[in-house]
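# Tertiary structure, described
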Amino acid sequence: MLRGATFLEVAKTFESIWIDGLLYKIPLLNLPSYMVHTISLYIRGRTFERSFQMATSFCRGMRPGVAQSGLIPSVLFSQYVNDMHSHSYHVDLTVYADETAVTVHVPQAHAAR
């Protein structure tokens, strides 16, 4: 049997997630509704403000998206792409966050052709 593998890291993966598609898929995890709501706020409802000594800026909204580091973003991205399937009997895809491994295994009889 012959084997080969390619390892991919997709650049700017987290910035390119289709937010509405991800929010559609989250309830499919059968999580309690409060968790779905919390995750939705994490993706869409983030705000920030700056403080220095005694001064604090106005609260400002952030663009919707998934942060790049941490456990929650990795799990969310994995949920986003978990329905990506390989279309070949001899090809396996392994996806975690923005890392993808493509493995190919060909029986010896097929490799000789």
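Reading guide: rules and limits
- Residues numbered from 1 in each chain as written.
- Predicted model: local features only at pLDDT ≥ 70, side-chain atom pairs only at ≥ 80, totals over all residues.
- Heavy atoms only, no water.
- Helix = DSSP H or I, 4+ residues; strand = E, 2+ residues; numbered from the N terminus.
- Buried < 20%, exposed > 50% of the residue type's maximum accessible area, 1.4 Å probe, protein only.
- Contact = heavy atoms within 4.5 Å.
- Areas by Shrake-Rupley, 256 points an atom, 1.4 Å probe, with all protein chains shown as cover.
- Core = buried A, V, L, I, M, F, W, Y, C linked by side-chain atoms within 4.5 Å.
- Salt bridge = Lys/Arg side-chain N within 4 Å of Asp/Glu carboxyl O.
- pLDDT = per-residue confidence, 0-100.

### Section: the overall build of the protein chain
Of regular secondary structure, the protein chain possesses four helices and seven strands. Start at the N end of the protein chain and walk to the C end: the helices and strands fall as β-α-α-β-β-β-β-α-β-β-α. Within the span of the protein chain, comprising 113 residues, buried residues form 25% of the whole. A separation threshold of at least 6 residues defines the contact pool for the protein chain, and within that pool the share at least 24 residues apart is 48%. Accessible area of the protein chain: about 8600 Å², with a carbon and sulfur share of 60%.

### Examining unusual backbone geometry
Positive phi outside glycine occurs at Asn-30, with the angle close to 60°. On the secondary structure map, Asn-30 appears in the loop between α1 (19-25) and α2 (33-44). For Asn-30, a relative accessible area of 69% puts it in the exposed group. Positive phi is not limited to glycine here, since Gln-53 has a value of about 55°.

### Description of the nonpolar core
Judged by nonpolar contacts, Ile-17, Ile-19, Leu-22, Leu-23, Ile-26, Ile-39, Ile-43, Leu-76, Phe-77 and Tyr-80 together constitute the single largest core of ten residues. Breaking this core down by element, the ones donating at least two residues are α1, α2 and α3 (71-81). Ignoring anything within four residues of it in the chain, the contact list for Leu-23 reads Ser-40, Ile-43 and Arg-44.

### What to know about the pattern of salt bridges
Under the defined criterion, the tally for this structure stands at one salt bridge. The salt bridge involving Arg-44 is made with Asp-20; its shortest N-O contact spans 2.2 Å. In this pair, Arg-44 sits in helix α2 while Asp-20 sits in helix α1, placing the two residues 24 residues apart along the sequence. Given a relative accessible area of 43%, Asp-20 falls into the partly exposed group.

### Overview of the confidence of the model for the protein chain
Here the protein chain averages 76 in pLDDT, and 73% of its residues register 70 or above. Per-element mean pLDDT across the protein chain ranges from 60 in helix α4 (residues 108-111) up to 92 in strand β4 (residues 55-56).

### Overview of the environment of Gly-45
By secondary structure assignment, the location of Gly-45 is in the loop between α2 and β2 (47-48). Residue Gly-45 is classed as partly exposed on the basis of its relative accessible area, which comes to 41%. Put simply, Gly-45 and Gly-61 are 16 residues apart on the chain and 7.4 Å apart in space, counted from C-alpha to C-alpha.

### Describing the environment of Pro-107
Of note, Pro-107 is situated in the loop between β7 (99-106) and α4. For Pro-107, a relative accessible area of 26% gives the class partly exposed. Residues Pro-107 and Arg-3 lie 104 residues apart in sequence; the distance between their C-alpha atoms is 8.8 Å. If we skip the residues at most four places from it in the chain, Pro-107 touches Met-1 and His-90.

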